[in-house]
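The chain contents come next:
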Amino acid sequence: MDLSLLHRSSLSLFVFSASLFFTAAFSLGINYGQIADNLPHPESVVPLVKSIGATRVKLYDADPRVLKAFANSGVEFVVGLGNEYLSRMRDPKQALAWVKSNVQCYLPATKITCIAVGNEVLTLNDSTLSANLLPAMESLHSALVSLNLDKQVTVTTAHNLAVLEVSYPPSAGAFRRDLTQKLSCILDFHSKVGSPLLINAYPFFAYKSNPKQVSLDFVLFESSGSGVADPVSGLHYDNMFYAQIDAAHSAVEKLGYKNVCLQISETGWPSKGDADEAGATPENARKYNGNLIKLVAQKKGTPLRPNWDLDVHLFALFNENEKPGPTSERNFGLFKPDGTPVYNLGFNTTGLQSTNSTGSSGGATSSGSSPAVTGSSSDGYLSITADDAERLPLQWRLSVLCLMVSAIIASRL
């Protein structure tokens, strides 16, 4: 028997069961990474993604198998261009060729809406990569303009929160002085072409760095009765995620680009970690992702931007068994490769059969690193700085984030 067909049929049983429980009417994005040798075929992933209500998927490459599988699905895609390609994209001819072969050829059947150029480039301390980033973005945008696609496909890049030099209090948020000029030029690009600024935000790393100082409830969205107050703005923060995002908002505003939309390209919590990775448990992952989903469903903004709808891509769809680094790196997924949940977010998995899954090609690698987390305030809110000596390497962050609604449903049962 064809094991790939058996796997797809088994996964479909789970998908159908999960879809019976999906009732929420809100949109969440998910990162779909593929650094693993045991992931299901992309055709099997389509019904899984749709059944949980995810309407947006972010890739770290432009995998043709995925883009073809999701044709006519209605799911919107962010495709990625790896850091290793930035220097080539400075050449307008190569940029045009890339857009034609990785974007245009899939439209309109597959709804590609954005190109993410590189990943966390500015915090890699690679002057060559940093110098190539904006020119690559400009060349790709010009290619889209020449093909009359710039109104439907935007160009952006994702940043690590280590681009911030000051993050506490949120109102004092400011970019690193050595990156201010580059970020100002990138923000000017966003402002002119109407593309979003992408931020990867992980409260987990702040907690992992200093679990004795940082309140677990604060990072898991469960400190509704406490939290911290910004002494300058007077705004109250009952979770670190909001504080991190508003610190980024403040930094953007200080450079004069309040009109630029900020989106969260990655956030998540691992279900497993090494002995020194405090907080990496299935229960904490369930709380973080479940509570975040509830916030997104409420369609409320942050204290600084209360009318701003949270635009979030969770990290990640599947656990990825070939990612290097600490154990947590391989355990950010919401789902196991067979399509069953890593922890309970309200999905009904009855009837799912255990099968062998088809191997998946690796896809492009991401070169991101986790932000440094140093310094603290008397309120136990850790500042996120750009101290590379203390940065935890988070490379190959190619992921997938899917999730959804079930946490809301579970809370109602």
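See the structure above.
Just so you know, these numbers come straight off a predicted model, no measurement behind them.

1. Notes on the packing of aromatic side chains
Centre-to-centre distance and the angle between the planes together describe a pair of aromatic rings. Here the structure, examined in full by the defined rule, presents 14 aromatic pairs. Residues F204 and F205 carry aromatic rings whose centres are separated by 5.2 Å and whose planes lie at 65° to one another, so their mutual orientation is edge-to-face. Across the pair, F205 and F204 agree in class, each one buried. For the ring pair F221 and Y288, a centre distance of 5.0 Å and an interplane angle of 45° mean the geometry is tilted. Of this pair, F221 sits in the loop between helix 9 (216-219) and strand 9 (228-229) while Y288 sits in helix 11 (residues 282-298), placing them 67 residues apart in sequence. Classification of F221 by relative accessible area gives buried; the value is 13%.

2. What about the packing of helix 6 (residues 127-146) against helix 7 (residues 180-193)?
A packed helix pair is summarised by two numbers, namely the angle formed by the two axes and the spacing between the axes. Contact geometry for helix 6 and helix 7: axes closest at 10 Å, N-to-C directions at 10°. It follows from the interaxial angle that helix 6 and helix 7 lie roughly parallel. For the pair helix 6 and helix 7, the contacting residues are S130, L133, L134, M137, E138 and H141 in the first and K182, C185, I186, F189, H190 and V193 in the second. Broken down by class, the residue content of the contact of helix 6 with helix 7 amounts to 7 nonpolar, 3 polar and 2 charged.

3. With respect to unusual backbone geometry
The amide bond that connects L107 to the next residue, P108, takes the cis arrangement and shows omega of 0°. Of note, P108 is situated in the loop between helix 5 (92-102) and strand 4 (111-119). For E120, which is not a glycine, the phi torsion comes out positive at approximately 55°. Relative to the helices and strands, E120 resides in the loop between strand 4 and helix 6. Residue F221 is not a glycine yet carries a positive backbone phi of 65°.

4. Some points on helix 7
Taking 1.5 Å of rise per residue, 14 residues should cover 20 Å, and helix 7 covers 20 Å from first to last C-alpha, within 8% of that figure. For helix 7, every residue scored as buried is listed here: L183, I186, L187, F189 and H190. The arc that holds the buried residues of helix 7, viewed along the axis, is 150°, so those residues lie on one side. Opposite the buried face of helix 7, at more than 90 degrees from it, the exposed residues are Q181 and K192. Contact partners of the buried residues in helix 7: helix 6, strand 5 (154-160), strand 7 (174-175), strand 8 (197-200) and helix 10 (240-254).

5. Let's talk about the environment of F218
Relative to the helices and strands, F218 resides in helix 9. Once the C-alpha coordinates of F218 and V228 are considered, the two residues, 10 residues apart in sequence, prove to be 8.9 Å apart.

What counts, and where the lines are drawn
Residues numbered from 1 in each chain as written. Predicted model: local features only at pLDDT ≥ 70, side-chain atom pairs only at ≥ 80, totals over all residues. Heavy atoms only, no water. Phe/Tyr/Trp six-rings, centres within 6.5 Å; stacked < 30°, edge-to-face > 60°. Buried < 20%, exposed > 50% of the residue type's maximum accessible area, 1.4 Å probe, protein only. Helix = DSSP H or I, 4+ residues; strand = E, 2+ residues; numbered from the N terminus. Axes fitted to C-alpha atoms, helices over the stretch in contact; angles between N-to-C directions. Parallel < 35°, antiparallel > 145°, perpendicular 65-115°, else oblique. Contact = heavy atoms within 4.5 Å. Nonpolar A, V, L, I, M, F, W, Y, C, P; charged D, E, K, R; others polar. Expected span 1.5 Å × (residues − 1). Arc of directions from axis to C-beta.

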